[in-house]
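# Understanding the architecture of this molecule
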Amino acid sequence: QVQLVESGGGLVQPGGSLRLSCAASGFTFSVYDMKWYRQAPGKERELVAAITPTGGVTNYADSVKGRFTISRDNAKNTVYLQMNTLKPEDTAVYYCNARVGAYRPADYWGQGTPVTVSS
């Protein structure tokens, strides 16, 4: 079955950096787009970054452009989110997402990893 396991979250001071990882299994990782979402307390889940199967195209929310970088290692079935110059408003639970399936695609989510940016 499809599994997505995030790691790397934690408490960081404003201006600091974190690198999130999402280990995928149960599907052919190298043929699917991968995405990172986040959900802050009291807010809706929002798309943060997306990457195509080969990593050739990436997209970012305006709020994180120039600070976050999404990447993937298809040999390790892992997608990453490098987060630099973190701000308090980046505080949220970060989720990895994959939409898997050729005929009836379904969304799969990890359990989330919390990121807190605070001094």
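Attention now moves to the nonpolar core. Formed by 31 residues in total, the largest nonpolar core has its most connected members in Phe27, Met34, Trp36, Val79, Leu81, Met83 and Tyr94. In terms of residues, this core owes the most to one element, strand β9 (residues 92-100), which gives five residues.

Turning next to the environment of Tyr95. With respect to the helices, strands and loops of the structure, Tyr95 is situated in strand β9. Look at Tyr95 and you get buried, because its relative accessible area is 13%. Residues Tyr95 and Gly55, 40 residues apart in the sequence, show an inter-C-alpha distance of 19 Å. Apart from the residues lying within four places of it in its own chain, the contact partners of Tyr95 are Glu6, Lys35, Trp36, Tyr37, Gln39, Arg45, Trp109, Gly110, Gln111 and Gly112.

Take the pattern of salt bridges next. Counted by the stated rule, this structure contains five salt bridges. When the shortest N-O distance is used, the salt bridge between Lys65 and Asp62 registers 3.2 Å. On the accessibility criterion, Asp62 (65% relative accessible area) is exposed. Overlapping salt bridges bring together Arg38, Glu46, Arg67 and Asp90 as one network.

Turning our eyes to something else, we now look at the state of the cysteines. A full pass over the atoms with the stated rule returns one disulfide. Between Cys22 and Cys96 runs a disulfide, and the two sulfur atoms are separated by 2.1 Å. Measuring handedness by torsion sign, the sulfur bridge of Cys22 and Cys96 sits at about -80 degrees and is left-handed. Placement of the pair is Cys22 in strand β3 (residues 18-25) and Cys96 in strand β9, with a sequence separation of 74 residues. Using a relative accessible area of 0% as the deciding quantity, one classes Cys22 as buried.

Counting across every chain of the model gives four aromatic pairs. When the centroid spacing of 6.5 Å and the interplanar angle of 90 degrees are considered together, the rings of Tyr95 and Trp109 count as edge-to-face. On the criterion of sequence distance, the pair formed by Tyr95 in strand β9 and Trp109 in strand β10 (residues 106-109) is long-range, its members being 14 residues apart. Of the aromatic side chains, those joined through ring pairs into one cluster are Phe27, Phe29 and Tyr32.

Conventions and cut-offs
- Residues numbered from 1 in each chain as written.
- Predicted model: local features only at pLDDT ≥ 70, side-chain atom pairs only at ≥ 80, totals over all residues.
- Heavy atoms only, no water.
- Core = buried A, V, L, I, M, F, W, Y, C linked by side-chain atoms within 4.5 Å.
- Buried < 20%, exposed > 50% of the residue type's maximum accessible area, 1.4 Å probe, protein only.
- Helix = DSSP H or I, 4+ residues; strand = E, 2+ residues; numbered from the N terminus.
- Contact = heavy atoms within 4.5 Å.
- Salt bridge = Lys/Arg side-chain N within 4 Å of Asp/Glu carboxyl O.
- Disulfide = S-S within 2.5 Å.
- Phe/Tyr/Trp six-rings, centres within 6.5 Å; stacked < 30°, edge-to-face > 60°.

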